[in-house]
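Each chain, letter by letter, is given below.
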Amino acid sequence: LLVPSGILSCSAISLWVNPSIASMLNTVLCITGNSHTISIISFADNLSIDVGSTVILSDTSSAYFNKGNTLACINRFEEAIVNYKQTFEYETPDALTYYNIGECHEQLEQYQQARDFFRKAAKLDPQLGEAWLGIGVTLSAEDRSFEAIHYIKKAIDVNDKVPDFWFALGDAEFNLEN
């Protein structure tokens, strides 16, 4: 859980987080927090994210990005897409944000839209193997395994040490009965 700058509140106690100490606070939160036990309670429209007893408030691109990540983790993909796209109002689109939007579309089984965003991510960062994999996986989901293999192999060319890439290749090959 990263807290850029803004307000951090625990239960009823609130304090302002000075941007100069925000990185130190992030470290403390990461050390003392256990992301597997934090539960999402609610979201407010002003970018406040209530995570257990911790509230994050910020108006930056990273806040929209982090909120998108949180929404995606709780399967609220449509809302996550909206938040990811809002980062583009503050910063130039980047490969990771495009990739995350693609992942949300993939989860919604909107495979063509997913591929469009995975392609944008791969164009901005050809070394983002996950983007190439995303293209391949969405093609496989549409029974286009022959085409998928090309993109999955591109992911492997980027990093041949990622087991998910090899698993996807094996799955595509199996679908073709190779």
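Provided above is the structure to which this section pertains.
The sections below set out a description of the structure shown in this document. (Residues numbered from 1 in each chain as written. Predicted model: local features only at pLDDT ≥ 70, side-chain atom pairs only at ≥ 80, totals over all residues. Heavy atoms only, no water.)

### Digging into the layout of surface pockets
The method is simple in principle: a probe with the dimensions of a water molecule rolls over the atoms, and the space it marks as empty is what remains.
Reasoning step 1: A volume near 290 Å³ is recorded for the second largest pocket.
Reasoning step 2: What lines the second largest pocket is a set of 18 residues, among which Glu103, Glu106, Leu133, Val137 and Asp164 lie closest to the centre.
Reasoning step 3: Elements with a contribution of two residues or more to the lining of the second largest pocket: α4 (95-107), α6 (129-141) and α8 (163-175).
Reasoning step 4: Ranked by the residues each element gives to the lining of the second largest pocket, the list is headed by α6, at seven residues. (1 Å grid on protein atoms, 1.4 Å probe; cavity = no way out; pocket = protein on both sides within 12 Å on 5 of 7 lines; lining within 4 Å. Points joined across faces, edges and corners; volume = space filled by probe spheres on them. Helix = DSSP H or I, 4+ residues; strand = E, 2+ residues; numbered from the N terminus.)

### Brief notes about the pattern of salt bridges
Reasoning step 1: Summed over the entire model, instances satisfying the criterion amount to five salt bridges.
Reasoning step 2: For Arg144, the salt bridge goes to Glu147, with nearest N and O atoms at 2.8 Å.
Reasoning step 3: Residue classification places Arg144 among the partly exposed residues on the basis of a relative accessible area of 30%.
Reasoning step 4: Look at the salt bridges and you will find they share partners, linking Arg115, Glu142, Arg144 and Glu147 into a network. (Salt bridge = Lys/Arg side-chain N within 4 Å of Asp/Glu carboxyl O. Buried < 20%, exposed > 50% of the residue type's maximum accessible area, 1.4 Å probe, protein only.)

### Considering the nonpolar core
Reasoning step 1: Formed by 34 residues in total, the largest nonpolar core has its most connected members in Tyr84, Cys104, Ala121 and Ile152.
Reasoning step 2: When residues of this core are assigned to their parent elements, the largest contribution, six residues, is made by helix α7 (residues 145-158).
Reasoning step 3: With residues up to four places along the chain from it excluded, the contact list for Tyr84 reads Tyr64, Phe65, Gly68, Asn69, Ala72, Thr97, Asn100, Ile101 and Cys104. (Core = buried A, V, L, I, M, F, W, Y, C linked by side-chain atoms within 4.5 Å. Contact = heavy atoms within 4.5 Å.)

### Let's talk about the side chain of Ser61
Reasoning step 1: Mapping Ser61 onto the fold places it in helix α2 (residues 61-73).
Reasoning step 2: When residues no more than four places from it in sequence are discounted, the contact partners of Ser61 are Thr87, Tyr90 and Glu91.

### So, unusual backbone geometry
Reasoning step 1: Look at Asn75: it is not a glycine, yet its phi comes out positive at around 65 degrees.
Reasoning step 2: Structurally, the position occupied by Asn75 is in the loop between α2 and α3 (77-86).
Reasoning step 3: In this model, Asp143 sits at a positive phi of 60 degrees, which is unusual for a non-glycine residue.
Reasoning step 4: Inspection of the secondary structure puts Asp143 in the loop between α6 and α7.

### Focus: the state of the cysteines
Reasoning step 1: Under the definition given, this model contains zero disulfides.
Reasoning step 2: Of all cysteine sulfurs in the structure, the one in Cys104 sits closest to Cys73, which takes part in no disulfide; the separation is 9.5 Å.
Reasoning step 3: What makes Cys73 exposed here is its relative accessible area of 65%.
Reasoning step 4: By relative accessible area, Cys104 is classed as buried at 2%. (Disulfide = S-S within 2.5 Å.)

### A closer look at the packing of α4 against helix α5 (residues 111-124)
Reasoning step 1: Two numbers describe how α4 lies on α5: the axes approach to 8 Å, and their chain directions differ by 165 degrees. In terms of axis orientation, α4 runs roughly antiparallel to α5. Crossing of α4 against α5: the hand is left-handed. Mapping the contact onto sequence places Ala95, Tyr98, Tyr99, Ile101, Gly102, Glu103, His105 and Glu106 in α4 and Tyr111, Gln113, Ala114, Phe117, Phe118, Lys120, Ala121 and Leu124 in α5.
Reasoning step 2: Among the residues making up the contact of α4 with α5, the classes are represented as ten nonpolar, three polar and three charged. (Axes fitted to C-alpha atoms, helices over the stretch in contact; angles between N-to-C directions. Parallel < 35°, antiparallel > 145°, perpendicular 65-115°, else oblique. Left-handed = near helix turned anticlockwise from the far one by under 90°. Nonpolar A, V, L, I, M, F, W, Y, C, P; charged D, E, K, R; others polar.)

### Some words on α5
Reasoning step 1: Here α5 contains 14 residues, and its C-alpha end-to-end distance of 20 Å stays within 8% of the 20 Å for a straight helix at 1.5 Å per residue.
Reasoning step 2: Three or more residues of α5 are buried, namely Tyr111, Ala114, Arg115, Phe117, Phe118, Ala121 and Ala122. Looking down the long axis of α5, one finds its buried residues gathered within 170 degrees of arc, a one-sided arrangement.
Reasoning step 3: Looking at the buried residues of α5, the elements they touch are α3, α4 and α6. (Expected span 1.5 Å × (residues − 1). Arc of directions from axis to C-beta.)

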